[in-house]
Amino acid sequence: MKTLLALSAALALTSFAFVTHAAPVMLDPGTNQLRQAGTVSASGARDLGDLEDKLAEKARKEGAKGYIVNSAGGDNTMYGTATIYK
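Predicted model only: the values in this text are computed from it and were never measured. (Residues numbered from 1 in each chain as written. Predicted model: local features only at pLDDT ≥ 70, side-chain atom pairs only at ≥ 80, totals over all residues. Heavy atoms only, no water.)

Quick look at the nonpolar core
Then, in step 1: Within the largest apolar cluster, twelve residues are counted, these being Val 40, Ala 42, Ala 45, Leu 51, Leu 55, Ala 56, Ala 59, Ala 64, Tyr 67, Met 78, Ala 82 and Ile 84.
Then, in step 2: Counting only elements with at least two residues in this core, the list comes to strand S1 (36-45), helix H2 (48-61) and strand S3 (78-85).
Then, in step 3: Among the elements that take part in this core, H2 stands out by supplying four residues, more than any other. (Core = buried A, V, L, I, M, F, W, Y, C linked by side-chain atoms within 4.5 Å. Buried < 20%, exposed > 50% of the residue type's maximum accessible area, 1.4 Å probe, protein only. Helix = DSSP H or I, 4+ residues; strand = E, 2+ residues; numbered from the N terminus.)

Looking at the sheet that holds S3
Then, in step 1: A sheet is described by the order of its strands in space; here three strands give the open sequence S1-S3-S2, paired in antiparallel fashion. Both edges of this open sheet fall to S1 and strand S2 (66-73), since each of them pairs with a single strand only. Taken pair by pair, the neighbouring strands of this sheet meet at an average axis angle of 20 degrees, ignoring direction.
Then, in step 2: Relative to S3, S2 is paired through seven bridges, and the arrangement is antiparallel. Paired with Ile 68 across the bridge in S3 is Thr 83.
Then, in step 3: The strands touched by H2 within the sheet are S1, S2 and S3, with S1 carrying the most contacts at an inclination of about 140 degrees. (Pairing = 2+ DSSP bridges. Axes fitted to C-alpha atoms, helices over the stretch in contact; angles between N-to-C directions. Contact = heavy atoms within 4.5 Å.)

So this is what it looks like as structure tokens:
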């Protein structure tokens, strides 16, 4: 029973840590509204931090004011997608 409780707690904390690592949502100061402007994707990242850096760079190149990571995965290298907002 202790093992199950410890495993459940570890899983919950791991999930929480990933959610807090996501980029903050940015609002347009004029209207306080988000406007979805598309998606970006990245691959070949070494870890989640590297993947987020690659997605952020692609979002900046597209002129986005913010982005939200939608998916991330991979075994030896990471890949993922993000929705960008202008």
